[in-house]
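# Structural overview for review
Listed here are the chains, written in short residue letters.
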Amino acid sequence: MAKLVTLTIDGITVQVPPGTNVVDAAKKAGIDIPVFCYHPKMEPVGMCRMCLVEIGRPVVDRATGELVRADDGSVKIQFSPKLETACTTPVSEGMVVINTSQKVKDGREDILEFLLTSHPLDCPVCDKGGECPLQNLTMEFGSGQSRYIYDEKMHSAKHVPLGDLIYLDRERCIQCARCVRFQDQIVDDPVIGFYNRGRALEIVTYSEPGFDSIFSGNTTDICPVGALTTADFRFGARPWELNAAASICTQCPVGCNLTINVRREAISQGRMAIKRIMPRQNEWVNEIWICDKGRFGYHYVESEERLDQPLVRKDGKLTPVSWDEAINLVSMRFKQAGSNLLTLVSGRLSNEDLYNIRKLTDSLNGKSALYTQMGGGDVVAQVGMSTGSNLANLGKGDVILVIATDLHQEAPIWWLRVKQATERGAQLIVANARSTRLDRYAKYPIRYAYGEQNNLIAALVQLIDPQKFVDAKAIKHLSEQSIIKDTAEALKAAQNLVIFFGNEGSGVADSQVLAQTCAILLATTNHAGKPNNGLIPVWQRANDQGAWDMGWRPPTDLSTSIKEANALYIVACDPAGDDPRLSLTPDFLVVQDLYLTPTAKLADVVLPALPFTEREGSLTSGERRVQRYYPAIPGRTGALADFAIAAQIAKACGITLEERSAAKVMDAIARENADYAAISYTELANVEEQWPIIGRADLYYGGTSYENKQGLGMQLQNAVQKGEPFQISLPELVEQSGEGLLAVPITRLYDRGNTLIPSQLLRTHLVSTVMWINAKEAKQQGVEEHDVVQIECGETSALVTVELEDAVPDGVVLVPRSVGIPISEPCRVRLHITERV
Amino acid sequence: MKTEHVLLRHRDHPEINELENYRKIGGFEVFRKVVTTMQPNEVIEVVKSSGLRGRGGAGFPTGLKWAFVDQKNWPHYVVANADESEPGTFKDREILEGNPFQFLEGVAIASYAVGARAAYVYLRGEFWQIAHQLDRRIQQLYHAGLLGERLFGTDYSLHIFTHLGAGAYICGEETAMLESIEGKLGQPRLRPPFPPSFGLFGKPTVVNNVETLTNVPLIIERGAEWYRSFGTEKSPGVKIFCLSGRVKRPGNYELPLGTPFRKLIYEYGGGILEDHPIKAIMAAGASSSLIVANDPALDTPMDYESVPSLGAQLGSASVIVVDDTVSIDWLINKTVHFFRHESCGKCTPCREGTFWMMHLTDRITAGKASWQDVELLKDVASQMRGKCFCALGEFSIEAVLSGIERFRGDFEARVKG
Amino acid sequence: MNTLLEKYTDEVQTILAKYPPDQKRSALMPLLYLAQREYGYISKQAMNEIGEILDITATEVASVVGFYTLYHDQPAGKYRIQVCTDLPCALRGSEEFLKQLCENLGIQPGETTADGLVTVEEVTCLAACDRSPVFQVQTPDGLVYHENQSVENAMKLIRTWQSKP
Ligand SMILES: Cc1cc2nc3c(=O)[nH]c(=O)nc-3n(C[C@H](O)[C@H](O)[C@H](O)COP(=O)(O)O)c2cc1C
Ligand code: SF4
Ligand code: FES
């Protein structure tokens, strides 16, 4: 590590790394220097001039290069005549900073007065009231009265929609450019900017459709005044009336830490209601950001459609019954079914749910199946991210490989962190059959044909270790390409290697092989089992990894498994909604969910579950970090946590399962599952100080993102790290074959899943039932943009609207997942035009 | 004092805006000589010892600036500052119209000296016609083999491009200018790093004023000693003084540095219109403080060291003359309007301060203000002092504060009560 | 369709060639002049087209349009007469010149004549302080200076425009 620089601030001596600016150095010493434009996650710009301090530096004799000393031997310090901006001034050895003199106070009062002259001072009706640095700093530094002529103040538009999610109050804006810089520098989506100049500067968007960026909500957190607000929270509540609960986002495998703000609401009959979702700092996971899906997509938990009573089919109709009646019926029929019981769950559930449901099923000798379109969780348990990893540690000399996934859409915060790693110097390899937004930062963007992803990784392995995949014909045309050769060299030279893999272009079986080949690549380059190295699965659901860890596996053939079962227990998934033709006609169907999904409508018994906001639980992220969430509001009466429902069924079957609390279930998991041995709810609640310091009522203002007081979670050790042998053998490679148009399902952030549709706010952002095809291929297939076509894949088919998209390869159509198109794996399709406008 | 036209040579040779005529008086021979016979640092040494200082306003030693260019980071660029937007400044325009090839030769020599193979001439958008002429002239240089690849049989190549601004005074500030060339808002950058280490496209860059560069060919041709024979010890050389305002013969006058105000205003400028008494002088355009035009002031030499003794700066030597028909409150209202219009908005004090100064001076000149408003105006200006991001904001208060202090009577006469 | 790119393919290429290939954004200002020539002002469509050519967002294009005074996001008179009334010119009577010119045209500064031909605007210093009164005429095709002006001269000039078809 570089030598630390020593300086004093208000008489306190501090040591910080070179390059630190004075604001941050002061913060480390516990001293607040007020800022508006400076944000610790962005380059300083020195625009607002609020952070003025007096700075002195030791005097150096030019001739000798020696420090000049006063008679008493102390080093002579020369103060610059002007105040300097602390945010733009890097520390230097022996620097003396004064943050409390009258001169400094006056300087800040001057700046504040300027800011307030154009501010509407409408604090009583401002959403930021109570958490506003302008308000706080005015209390601290303001002069208490304005000498400026009020009727000449600026007046400008107050409710300007920049998009459908973010509103701007132009009068409140203090032109600090935090939002513009966030969109430009941090998320590389510069769709808001300044217009005009001087005092007429205003935030605008000229993009279509406006401020439409999947990270847009973060700008409202870092806006230091109430100029930017979300459509979700505007006029929703005053910040000081809110209670905060720690939670984890359940929308994707990143596992962003959340704070859920709640308040007792008159309109909901005095019930507690969720007012907004905010990021909670976890520098290992999401830093201080979250994506808009996590922020705005929670409304399903408060949907009016939620079930609050068990239902049993009587005379063909689902009829409300008591829990006892439902549980008795279910337990009786499950016992009867025995080994003919099939339990189907998804990674939407917590570890505790997955554990208990698995236990129940096993005890009854039933079969268990994970509802997923992707494999490889067992491989991840061997070579996933190791304990002590942080994507923020990746930089110069490190390599990141992203294959068969569109991170921007599937796991936005990972996209962001990968992008930032490239900015720190990491080399990025992006391999996919089509271009994605991550390509911009890739040193090696690699294209292959859908289906070739496994062979590509094998080719890289072969180039690095010629002993492996020796005779594989299938990879020859790949390993001869110069970009792939260069990539292999880069991989060889990598200090650290992280591989993200997804299932774009693969089915479950194929993606299982992809996981294996990637693991072999990690092992071949000697990166397996080391911190800041490993395999990260881009699952579709938040806790797919937890499901694998709890022993759940996807069935080889779901529809056959279903056909063979007498009794079906389906929890937190909706196979009938995804594929209406799936025949779900066992003797006895139990569905456990939040609402009456298409699958639940077919059920004999429906058991109402609680969403994550109303209970406790833990999730295991794709980086194998186990994190716990807390109840934000009391559970709705009539519904129960999934693990508790399973325990009740078990009890009625004469099996004992933990049902008292999620924490106790976790203790059971820890006793049984070696990977989870060190995990307990107490451990998961551990925190340590994070940098930057954020979320307090400090004058040093990092945003409304919450400080993490409730737990940073724990990253699991993987098998290799634990010293277990690496157990993955080389898979068989197959050559790409098959004729005809290939349909490939892809994951879009805003799909039409059950957990997103109820969010009115995101309605216009949801992807509809479309298929994307390039113009040339469209011509070949005789279809035109906006045509409605029947897309046929074997037995199943769906109606989709044609959209032209350059990035789609020839011979391929892309269709979104989770919008009701029953194509879950790549398949050959035929198109029939049914309507042309 | 000895003088001759070093810069405004077209006044003696009106036809030198044609390449062939410029070459007849030796044009581009210096560039050839430099490229074929001199090392870049030799060129820099000559410029250093000539004592040439930047004519864009800050007066920074030109040779020293060239020597600062980071030799570890390539490529390098030269940017010629032809933004000329300071009120009262119109010298670069005359050079560009009358003596364009000498300027281009200066750009070429500077580029060679700092190892730049591409140079941009940034012209204010209003110089649309000049830019088009300059484009044609640059093409002529390519045709004549004086620009392009492998010049004069060496492996030195040079390309010169023009870049047209679009109406923003702040783009004369060198880092804002670089942003503007990069297709961004013309807002100044944080400094350090300075352009010689982090400039255009993030590469080491020398930014020089048009007049500065136009000096260079003759300095190299005739030597540093010759150049030092003009002007004063510390401010050697010639300078174009832009004379405007209430004088009989406004215009550009190329004179040695150190020429007294009186000589410029009365001898060259023919004195004040209708022979009114002179009242005040602004030596650096709208950015100046107001000099009370008494005898000692009129006898002060116009050079970088003497003008500060009057509580003012020489800047770009845009001498605006004010007579007794002008009330100073009106005058600062004009300058403050200018700065309010041109403030880029990046920093709080300038963005807000220029706006409030405008409002207050509007009230004062309209006779609607009380003395309290004058005090408030003074406060606003003082509140800005030393806190702005760039010099625009700092300059905007010069006339205000010096005006109120040195011409208090004008304000007293205007306010009610 | 990208009109600018298709109609001015060569010109766009010439502009791009002035800047290093990885600094395409630098071509923004010259392209805005091109767009202004084509459309008379910088329309939203022009912003989109330029954004597409330079691989930047329409908002980034718009920001630059908004910052600089010689780009216009609204149509106005075919000829914009921009009179300098800054300090040096004002010391030589330019404010009076502006006033009389406007009176002659029957408009206020900032307004456009009823026939849509002329807009009169006040501008800051044009670097012609020794030849006041001075104005520049901005049209979509460029800018021309008119120095040492009188109201009669200016009106004569305007009449030549009026008589053009
Ligand atoms: C607000 C502002 C406006 C400026 N305008 C100009 C200008 O129009 N022309 C110019 O040459 N320098 C101008 N400068 C000075 C430049 O920043 C820079 O110092 C100069 O171009 C350097 O060239 P020189 O060393 O040859 O003088 C301006 C500076 C400021 C702060
Ligand atoms: S002082 Fe501030 S607002 Fe003014 S021009 Fe400079 S940076 Fe822009
Ligand atoms: S200038 Fe330092 S925080 Fe804004």
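Residues numbered from 1 in each chain as written. Chains lettered and ligands numbered in written order. Predicted model: local features only at pLDDT ≥ 70, side-chain atom pairs only at ≥ 80, totals over all residues. Heavy atoms only, no water.

## Notes on the domain arrangement of chain B
Residue and element names in this part refer to chain B. Domain annotation for chain B reports domain 1 (9-228), domain 2 (238-323) and domain 3 (328-415). If you average the C-alpha positions of domain 2 and of domain 3, the two centres end up 23 Å apart. Summing both sides of the interface, domain 2 and domain 3 together bury roughly 1000 Å²; the carbon and sulfur share of this comes to 68%. Our enumeration of links across domain 2 and domain 3 arrives at 1 salt bridge. The shortest N-O distance in the salt bridge between Asp-410 and Lys-279 comes to 2.6 Å. There are 6 residue pairs in polar contact (both at pLDDT 80 or more) connecting domain 2 and domain 3. When residues of the side of domain 2 that touches domain 3 are traced back to their parent elements, those giving at least two are strand 7 (278-282) and strand 8 (290-292). Within the side of domain 2 that touches domain 3, the residues separate by chemical class into 8 nonpolar, 4 polar and 1 charged. (Domains from an automatic or database assignment. Buried area = accessible area lost by both parts, 1.4 Å probe. Salt bridge = Lys/Arg side-chain N within 4 Å of Asp/Glu carboxyl O. Polar contact = N/O pair within 3.5 Å; in protein donor to acceptor, adjacent residues only side chain to side chain. Helix = DSSP H or I, 4+ residues; strand = E, 2+ residues; numbered from the N terminus. Nonpolar A, V, L, I, M, F, W, Y, C, P; charged D, E, K, R; others polar.)

## Topic: the pairing of strand 19 (residues 399-403) of chain A
Residue and element names in this part refer to chain A. Of all 5 residues in strand 19, 5 are buried; the element is thus mostly enclosed. Judged by which residues are buried, strand 19 turns out to be covered on both faces: Val-399, Leu-401 and Ile-403 on one side and Ile-400 and Val-402 on the other are all buried. Direction of pairing for strand 19 relative to strand 20 (residues 427-432): parallel, over a ladder of 5 bridges. Counted as the bridge partner of Ile-403 is Ala-431 from strand 20. Note: strand 19 against strand 22 (residues 497-501), 5 bridges, orientation parallel. In the sheet register, Val-402 faces strand 22, and the bridge partner there is Phe-500. (Buried < 20%, exposed > 50% of the residue type's maximum accessible area, 1.4 Å probe, protein only. Pairing = 2+ DSSP bridges.)

## Describing the site of ligand 2
In the neighbourhood of ligand 2, 13 residues make up the surrounding shell, with B:Cys344, B:Cys347, B:Cys350, B:Cys390 and B:Gly393 lying closest. Here the residues of the shell around ligand 2 sort into 9 nonpolar, 3 polar and 1 charged. (Near = heavy atom within 4 Å.)

## Let's talk about the interface of chain B and chain C
Taken together, the contact between chain B and chain C spans 57 residues of the former and 41 residues of the latter. The junction of chain B with chain C conceals about 3800 Å² of combined surface from both sides, 60% of it contributed by carbon and sulfur atoms. On the chain B side of the interface with chain C, the three residues burying the most area are B:Arg93, B:Ala166 and B:Lys334, jointly 15% of the side's total. Linking chain B to chain C there are 2 salt bridges. In this structure, the salt-bridge partner of C:Glu147 is B:Arg93, at a minimum N-O distance of 2.6 Å. (Contact = heavy atoms within 4.5 Å.)

## Some details on the interface of chain A and chain C
Across the contact, 13 residues belong to chain A and 14 residues belong to chain C. Of the roughly 1100 Å² buried at the junction of chain A and chain C (both faces included), carbon and sulfur atoms supply 53%. The interface formed by chain A and chain C includes 1 salt bridge. Where C:Lys44 meets A:Glu208, a salt bridge forms, and the shortest distance between an N and an O atom there is 3.3 Å. Along the contact surface separating chain A from chain C lie 10 residue pairs in polar contact (both at pLDDT 80 or more). When residues in the side of chain A that touches chain C are grouped by element, the largest group, 3 residues, is from strand 9 (residues 193-195) of chain A. Split by residue class, the side of chain A that touches chain C holds 7 nonpolar, 4 polar and 2 charged.

## Describing the site of ligand 1
All names here are of chain B. Near ligand 1 lie 18 residues; those nearest to it are Gly-56, Asn-81, Asn-208, Asn-209 and Thr-212. Gly-172 places a polar main-chain atom, nitrogen or oxygen, 3.2 Å from a nitrogen atom of ligand 1. Between ligand 1 and Thr-212, the relevant distance is 2.7 Å, taken from an oxygen atom to a side-chain nitrogen or oxygen of the residue. Burial of ligand 1 by the protein amounts to 91% of the accessible area it has alone, namely 610 Å². (Areas by Shrake-Rupley, 256 points an atom, 1.4 Å probe, with all protein chains shown as cover.)

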